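Spelled out, the chains give:
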Amino acid sequence: MRWSIARTLFRKDLLEALRDRRTLALLVAVPLLLYPLLLVVTALTSGALARSTEEKPLKLVVWGSPTPMLQEALKGMERVEWAGVHEKAPGDAPREAKRLLDERKAHVVLALTPDSVERALGTGSALEGTAENLGVRVYFDSGRPESRAARKRLGEVLDQVHLDTVRVRFEEAGMSGALAAPLQVEDSDFRSLGLWLAYMLPYVLLCALVMSGFYPAIDVTAGEKERGTLQTLLCAPVKPLEVVLGKYGVVSLFTLGGALMNLLGMGLAFMAIAGGTVGRVHMSAGMLAAAFGALVPLAMLVSALLIAVGVTARSFKEGQNHLMPVLLGVMVLAHGAMIPSVELTPKLALVPIVNVAVLLRELLTGRVDVGLYSVVFVSTLAWAVAGVLFAARVFESEQVLLSGERPWRDVFGRKVRRGDDFSPGSALLYFAIILVGSLFAGILLRERLPLWGLLAVIQVGVFLVPAVWWVRHRGADVREVFSLRPPSRRGALAVLLLVPGVLGMQSLLSKALKAASTPGLEEFLRVLELLMKESASWPLPLALAALALTPALCEEAACRGVMLVGLSRTGSRVVAVAGSALAFGLLHIHPIHVLHATILGLVLGYATLRTRSLLAGVVLHFANNALSVVNIRTGTAEVWAWMDTWPVALALCVPGWVALWLLRGEEPVPDPAPVELPLVLTRSTSTGARTERSERHG
């Protein structure tokens, strides 16, 4: 993987995309004009339509003979247009009523039929002093505002007639008329004004996000095919991953830019016109930042899909046809935010696109749970990683790139592997699988297993076993990938000195987060306290095994084994350590926990890389978790409170700095050679040799 090649391709495609003024107008001008117009027009029209509906006369059709009291009440109604009064209902009353409603000749049809008291009460004789009952059937169309409003007005009249009739009958029976109204009901309507915006805006946002990358994706894929420049590019000594990264970067930039401009336009419209609040919908800088953070992984996923599908087309016009199903798919899933009964649950948080749409709705109404936000972000990021790898696989297919026959069979066909095929892409795919797998396992098994059983299943079944299988399947050396060797004496001493250093570092980070009043910190501490309290009832060996030893073995095999070694094959140790640390952090879901774990992962990755032994990461990981378990079990709160002070935390970091100095003297893993990815077409530009296919490509 050569980043300079990918950057060059990125700059070339970006310059070509920016030359298209229509794309820039769609990206910048439309969002800044759309939301002010949308807000003003809908506010004005919705108020006018509501007033117009309420002021319209009620078109009423009556079939049958009303009682004198009902007849008097109907005549006393204001703004009533009698569209028809008949002594009897027609033979097929429902069909006739539907015809009147469909032809707009009536808003509501009232059908009256006599009903004897004996039949209503199910007795053989009528009560003394009672009159005949009346069967009432109301035909209306709730899908039409004027019919719905007419039904509401008529319903109030019918309720009042019902109450007055019962009161008269009570008085005729010698009882008090007040008995007819045992409940005195008063309505207090807390109407959720502006809630329709929370249902509609996520749908608009997601559609705008896709449209922002729609035409750039066609231009850099099908457009290049049509112009013949893609074939020329593939004749150069470049690799598919370098090509797809350059093009993916351009499309991602446009989709992220579109998301940012739409949020900016929305925020400016709300703050300038409505002061940031429209009924139940609140908008602030923090809310917009959180919404943009949720849209980042979704933009990555959408960009990957647009690139992967767009490259299958042979012309710009065909590209529009191929990408239209992607747009329609996003529109259908985004429609979930417009269904009031759809709530953001842990299971729904794993479903791509619809989870972000519902999350945006919750953000607009201020009902966001930090934990669910994290699950949505992490799960969407995992889907995005899988999408990028799928796009890279599509670009590895000559049949697809050169518009051959049966392109999709070539994409999903089995690739012939020879030797070690353990690459950075395979490590990322492994991470995406275990991330989604751990989320599904946690949600589906949480109610079925005890906590220690759930942890064991996730750690062993989702992290460790797939890690070993993945490495063997890719033909890599298991001993080499998992660094199965003891550290040197100098390395072992450094690891022991790092234990207090890690403790001091975590303490400093916690104090810094408390001092900054970081959002979500209280929730994280509450969840952590609940976890520790639940584990407090376990025997100490079980608690150490479930919370310290098993995670130390399984997570280290996944992050400092598969991820660290896989990413080191990019040729950069920095990418390997930082990438494996970030992957380790994302496995912990909650933002505060992700921050703690990522910083800890940097230390673990560096120690593992320098000592060339996975045991370094395992020991540090176990010590970090075991100290938390012991903290709860021993009840020595005073000792731990003393250690949680600034001077002690800084003092604990001193051995850590010494350990890092010692590790610098260790002989690191030799510079990893980048994995030679298959070339689609290779030709020496200097010699003009014939085009040849890479052997590894089969």
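In this text, all values refer to a predicted model and were calculated from it rather than measured experimentally.

Could you give an account of the overall build of the protein chain, with specific residues and numbers?
The helix and strand inventory of the protein chain stands at 26 helices and six strands. Counting over 698 residues, the protein chain shows a buried share of 46%. Residue pairs at least 24 apart in sequence account for 74% of intrachain contacts in the protein chain once pairs closer than 6 positions are excluded. As presented, the protein chain carries roughly 34800 Å² of accessible surface, and 63% of it is formed by carbon and sulfur atoms.

Give a description of the pattern of salt bridges that names residues and reports values.
Counted under the stated rule, the structure contains 14 salt bridges. Across the pair R99 and E96 runs a salt bridge whose closest N-O atoms are separated by 2.4 Å. With a gap of three residues between them, R99 and E96 both fall in helix α4 (residues 93-102), about one helical turn apart. Of the residues examined, E96 reaches a relative accessible area of 24% and is grouped as partly exposed. Salt-bridge contacts for E224 lead to K247; the nearest nitrogen and oxygen are separated by 2.6 Å. Of this pair, E224 sits in helix α7 (residues 195-227) while K247 sits in helix α9 (residues 240-274); the two residues are 23 residues apart in sequence, bridging distant segments of the chain.

I'd like to hear about the packing of α7 against helix α12 (residues 354-364), residue by residue, with values.
Two numbers describe how α7 lies on α12: the axes approach to 8 Å, and their chain directions differ by 135°. One way to sum up the angle between α7 and α12 is to call them oblique. The two elements α7 and α12 meet at a crossing, and its hand is right-handed. Each of L197, A198, Y199, L201, P202, L205 and L206 in α7 lies in contact with α12, whose residues at this interface are A357, L360, R361 and L364. In terms of residue class, the contact of α7 with α12 is made up of 10 nonpolar, no polar and one charged.

Lay out unusual backbone geometry in plain terms, naming residues and giving numbers.
Of note, I589 is a non-glycine position whose phi angle comes to about 65°, a positive value. A relative accessible area of 17% places I589 in the buried class. One non-glycine residue, R612, lies in the positive phi region at around 60°. One can find R612 in the loop between α23 (591-611) and α24 (614-634). R612 gets classed as partly exposed once you look at its relative accessible area, which sits at 26%.

Which residues make up the packing of helix α17 (residues 451-473) against helix α21 (residues 540-568), and what values do they have?
Each packed pair of helices is defined by two parameters, the angle between the axes and the distance between the axes. In contact at an axis separation of 9 Å, α17 and α21 are set at 25° when each is read in the N-to-C sense. Classified by the angle their axes make, α17 and α21 are roughly parallel. Viewed along their axes, α17 and α21 form a crossing whose handedness is left-handed. Contacts from W452, L455, Q459, V460, F463, L464, A467 and V471 of α17 reach α21 at L542, A546, L547, T550, P551, C554, E555, A557, A558 and V562. When its residues are assigned to classes, the contact of α17 with α21 shows 15 nonpolar, two polar and one charged.

Could you give me a rundown of the nonpolar core, with the residues and numbers involved?
Of all hydrophobic cores here, the largest spans 133 residues; its most connected members are L206 and L295. Among the elements that make up this core, the one with the highest residue count is α7 (16 residues). Ignoring anything within four residues of it in the chain, the contact list for L295 reads L206, L209, A259, L263, V356 and L360. Core analysis: the second largest hydrophobic core is formed by 15 residues, L60, L70, L74 and L112 among them.

Lay out the pairing of strand β2 (residues 80-86) with the relevant residues and their values.
Strand residues, when the strand is regular, have side chains that alternate between the two faces of the sheet. Pairing analysis gives six bridges linking strand β1 (residues 58-63) to β2, with the strands arranged parallel. Among the inter-strand pairings, L58 is bridged to a residue of β2, identified as V80. A crossover links β1 with its parallel partner β2, the connecting element being helix α3 (residues 68-75), and its sense is right-handed.

Describe helix α20 (residues 521-535), with residues and values.
One full turn of an α-helix is made of 3.6 residues, so residues set three or four places apart face in the same direction. Between its first and last C-alpha, α20 extends 21 Å over 15 residues, near the 21 Å set by a 1.5 Å rise per residue. Buried within α20 are the following residues: L521, E523, F524, M532 and S535.

A description of the packing of aromatic side chains should follow, citing residues and the corresponding values.
Taken as a whole and assessed by the stated rule, the structure comprises five aromatic pairs. With a centroid separation of 6.4 Å and an interplanar angle of 10°, the aromatic rings of Y215 and F316 are classed as stacked. Of this pair, Y215 sits in helix α7 while F316 sits in helix α11 (residues 316-334), and the two are 101 residues apart along the sequence. Judged by relative accessible area, which is 26%, F316 ranks as partly exposed. Judged by centre distance (6.2 Å) and plane angle (45°), the rings of Y430 and W470 are tilted. Here Y430, found in helix α16 (residues 424-445), pairs with W470, found in helix α17; they are 40 residues apart in sequence, far enough to count as distant. Relative accessible area serves as the criterion here: at 1%, Y430 is assigned to the buried category. A relative accessible area of 9% places W470 in the buried class. Connected via pairs of aromatic rings, a cluster forms that spans F214, Y215 and F316.

Explain the environment of L328 to me, and be specific about the residues and the numbers.
As for its position among the elements, L328 is in helix α11. Separated by 121 residues in the primary sequence, L328 and C207 have C-alpha atoms spaced 9.0 Å apart.

Residues and numbers for the side chain of N624, please.
Inspection of the secondary structure assignment puts N624 in helix α24. The exposure class of N624 is buried, given its relative accessible area of 17%. At a separation of 3.3 Å, a polar atom in the side chain of N624 contacts the side chain of N625. Residues within four places of N624 in sequence aside, it is in contact with V502, Q506 and L600.

For the confidence of the model for the protein chain, give the residues involved together with the corresponding values.
For the protein chain, the average pLDDT comes to 80, and 84% of its residues sit at 70 or higher. The low-confidence segment residues 120-130 (pLDDT under 50) makes 11 contacts with residues lying over four places distant or belonging to another chain. Below a pLDDT of 50 lies the segment residues 675-698, which in the model reaches 52 contacts outside its immediate sequence neighbourhood of four places, other chains included.

Requested: an account of the side chain of H107, with residues and values cited.
With respect to the element layout, H107 can be found in the loop between α4 and β3 (108-115). Residues contacting H107, with those up to four places away along its chain left out, are P57, L58, K59, L101, Y139, F140, E146, S147 and A150.

So, a nonpolar patch on the surface: which residues are in play, and what are the values?
On the surface, L33, L37, V40, V41 and I273 cluster together into a nonpolar patch covering about 450 Å² of accessible area. Examining the composition of the nonpolar patch, we find that four residues originate from one element, helix α2 (residues 21-55), more than from any other. Considering the arrangement of structural elements, one finds I273 in helix α9. On the accessibility criterion, I273 (45% relative accessible area) is partly exposed.

Conventions we followed
Residues numbered from 1 in each chain as written. Predicted model: local features only at pLDDT ≥ 70, side-chain atom pairs only at ≥ 80, totals over all residues. Heavy atoms only, no water. Helix = DSSP H or I, 4+ residues; strand = E, 2+ residues; numbered from the N terminus. Buried < 20%, exposed > 50% of the residue type's maximum accessible area, 1.4 Å probe, protein only. Contact = heavy atoms within 4.5 Å. Areas by Shrake-Rupley, 256 points an atom, 1.4 Å probe, with all protein chains shown as cover. Salt bridge = Lys/Arg side-chain N within 4 Å of Asp/Glu carboxyl O. Axes fitted to C-alpha atoms, helices over the stretch in contact; angles between N-to-C directions. Parallel < 35°, antiparallel > 145°, perpendicular 65-115°, else oblique. Left-handed = near helix turned anticlockwise from the far one by under 90°. Nonpolar A, V, L, I, M, F, W, Y, C, P; charged D, E, K, R; others polar. Core = buried A, V, L, I, M, F, W, Y, C linked by side-chain atoms within 4.5 Å. Pairing = 2+ DSSP bridges. Right-handed = clockwise from strand over helix to strand, strands pointing away. Expected span 1.5 Å × (residues − 1). Phe/Tyr/Trp six-rings, centres within 6.5 Å; stacked < 30°, edge-to-face > 60°. Polar contact = N/O pair within 3.5 Å; in protein donor to acceptor, adjacent residues only side chain to side chain. pLDDT = per-residue confidence, 0-100. Patch = residues over 30% accessible without salt bridge, like charges linked within 9 Å, V, L, I, M, F, W, Y side chains within 5 Å.

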